[in-house]
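Each chain, letter by letter, is given below.
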Amino acid sequence: MEDIPDELIKLECSAELERAKLAGLAGDEYDDQWRRWRAAMEAVQAAIIAHAAATGAGPDEVAEAVKAVVRHTQEDPAVE
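K.L.:
Whenever I open this one, the packing of helix α1 (residues 6-20) against helix α2 (residues 27-55) confuses me. Can you help?
P.N.:
A pair of packed helices can be characterised by two numbers: the angle between their axes and the separation between those axes. Remark: α1 packs on α2, axes separated minimally by 8 Å, with the N-to-C direction vectors making an angle of 160°. One way to sum up the angle between α1 and α2 is to call them roughly antiparallel. For α1 against α2, the interelement crossing comes out left-handed. Taken together, the residues of α2 that come into contact with α1 (itself represented by Leu8, Leu11, Glu12, Ala15, Glu18 and Arg19) are Gln33, Arg36, Trp37, Ala40, Met41, Ala43, Val44, Ala47, Ile48 and His51.

K.L.:
Explanation requested: the environment of proline 59 in the structure shown.
P.N.:
In this structure, proline 59 sits in helix α3 (residues 59-73). Measuring from C-alpha to C-alpha, the distance between proline 59 and isoleucine 49 comes to 5.5 Å, with 10 residues separating the pair along the chain. Ignoring sequence-local partners within four residues, the contact set of proline 59 consists of Ile48 and Ala52.

K.L.:
I tried to follow the pattern of salt bridges on my own but got confused; where do I start?
P.N.:
Close approach of charged atoms lets side chains of opposite charge pair. Taken as a whole and assessed by the stated rule, the structure comprises 5 salt bridges. The residue arginine 19 makes a salt bridge to glutamate 16 at a minimum N-O spacing of 2.8 Å. One end of the pair is arginine 19 and the other is glutamate 16, both in helix α1 and 3 residues apart, which spans about a single turn. The partner of arginine 35 in a salt bridge is aspartate 32, and the shortest N-O contact between them spans 2.7 Å.

K.L.:
Looking at this structure, how should I read the nonpolar core?
P.N.:
The nonpolar side chains of a soluble globular protein tend to be buried with one another. If you look at the biggest cluster of nonpolar residues, it comprises 18 residues, and the most contacted ones within it are Ile4, Leu8, Ile48, Val62 and Val66. If you list the elements that add at least two residues to this core, you get α1, α2 and α3. Ranked by residues supplied to this core, first place goes to α2 with 7 residues. Among all residues touching valine 66, those that are not within four sequence positions of it are Ile4, Leu8 and Glu12.

K.L.:
Help me out: how do you make sense of the confidence of the model for the protein in this one?
P.N.:
Detail in the predicted coordinates should be disregarded across regions flagged by low pLDDT. Looking at the protein as a whole, its pLDDT mean stands at 91, while 88% of the residues score no less than 70. The lowest-confidence element of the protein is α3, averaging 91 in pLDDT; the highest-confidence one is α2, averaging 97.

K.L.:
Can you help me understand the side chain of glutamate 12 in this one?
P.N.:
Checked against the element boundaries, glutamate 12 lands in helix α1. You can call glutamate 12 buried: its relative accessible area is 4%. Excluding residues within four positions of it along the chain, glutamate 12 makes contact with Val44, Val66, Lys67 and Val70.

K.L.:
What am I meant to see in α1 here?
P.N.:
An α-helix turns once every 3.6 residues. As a result, residues three or four positions apart point the same way. Taking 1.5 Å of rise per residue, the 15 residues of α1 would be expected to cover 21 Å, and the 21 Å separating its terminal C-alpha atoms lies within 8% of that figure. Every buried residue of α1 is accounted for by Leu8, Ile9, Glu12, Cys13, Ala15, Glu16, Glu18 and Ala20.

Calculation criteria
- Residues numbered from 1 in each chain as written.
- Predicted model: local features only at pLDDT ≥ 70, side-chain atom pairs only at ≥ 80, totals over all residues.
- Heavy atoms only, no water.
- Axes fitted to C-alpha atoms, helices over the stretch in contact; angles between N-to-C directions.
- Helix = DSSP H or I, 4+ residues; strand = E, 2+ residues; numbered from the N terminus.
- Parallel < 35°, antiparallel > 145°, perpendicular 65-115°, else oblique.
- Left-handed = near helix turned anticlockwise from the far one by under 90°.
- Contact = heavy atoms within 4.5 Å.
- Salt bridge = Lys/Arg side-chain N within 4 Å of Asp/Glu carboxyl O.
- Core = buried A, V, L, I, M, F, W, Y, C linked by side-chain atoms within 4.5 Å.
- Buried < 20%, exposed > 50% of the residue type's maximum accessible area, 1.4 Å probe, protein only.
- pLDDT = per-residue confidence, 0-100.
- Expected span 1.5 Å × (residues − 1).

Below, the structure is given as structure tokens:
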């Protein structure tokens, strides 16, 4: 797969940080944070679909490439 745009990497990292913030929350705090994480993931998915359409790559291929880059560049923020 060709180079992944920095914007996709930033969006994925942001979504992962929002997911990590779910740890230890309960009740309304969890629900609020889950909505923030879900919105971040929807932004990632929309960007992946747009990039796939623009490049002719499959969305799954783009998603896997983005996740691989993010996993390679940072440790899991949920594990501390």
